[in-house]
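Structural features, examined
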Amino acid sequence: QAELVESGGGSVQAGGAVSLSCAASGVIFSRYDLGWFRQPPGKERENLVTMYYTGRPTYYADSVKGRFTITRDNAKNTLYLQMNSLTPEDTAVYYCAAGNAGTGYWWYWGQGTQVTVSS
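These notes cover the structure that comes with them. Keep in mind the model is a prediction, meaning the values are calculated, not measured.

Across its full length, the protein chain carries zero helices and 11 strands. Mapped from its N terminus to its C terminus, the protein chain presents α and β elements in the order β-β-β-β-β-β-β-β-β-β-β. For the protein chain, whose C-alpha radius of gyration is 13 Å, the value lies close to the compact-globule estimate of 14 Å for 119 residues. Residues classed as buried in the protein chain amount to 43% of the 119 residues present. When the accessible area of the protein chain is evaluated, it comes to approximately 6200 Å², of which 46% is carbon and sulfur surface.

In structure tokens:
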């Protein structure tokens, strides 16, 4: 059974940093596009970062470009998101996902982890 399990969320002050992890079982990360999404309170979920399995350049949303970094450890089948210079606007539930970014089908999702940034 495929499962993505996130960890690393929490509360941090503005200007701080948080690192998220997404460990997969039953899903081979190297075969999928990988993404990080977030859903702020009262807003729709948005795609922040996409790492393409084809090797094309990683996509970063303008709102996180230069502050967030996605990495992957294939041996551990784990995806990471390093988030720096956080602001209260980054407060959201963060999700990892695996799928096909071109078609918009994200087949596997993590359960979500809350990140709260206080001013």
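Right, picking up where we left off after that structure.
Take the state of the cysteines next. All chains considered together, the criterion is met by one disulfide. With a sulfur-sulfur separation of 2.0 Å, Cys22 is cross-linked through a disulfide to Cys96. Disulfide Cys22 to Cys96: torsion about the S-S bond roughly 65°, handedness right-handed. Highlighted residues: Cys22 in strand S3 (residues 18-25) and Cys96 in strand S9 (residues 92-100), separated in sequence by 74 residues.

What counts, and where the lines are drawn
Residues numbered from 1 in each chain as written. Predicted model: local features only at pLDDT ≥ 70, side-chain atom pairs only at ≥ 80, totals over all residues. Heavy atoms only, no water. Helix = DSSP H or I, 4+ residues; strand = E, 2+ residues; numbered from the N terminus. Rg over C-alpha atoms; globule rule 2.2 N^0.38 Å. Buried < 20%, exposed > 50% of the residue type's maximum accessible area, 1.4 Å probe, protein only. Areas by Shrake-Rupley, 256 points an atom, 1.4 Å probe, with all protein chains shown as cover. Disulfide = S-S within 2.5 Å.

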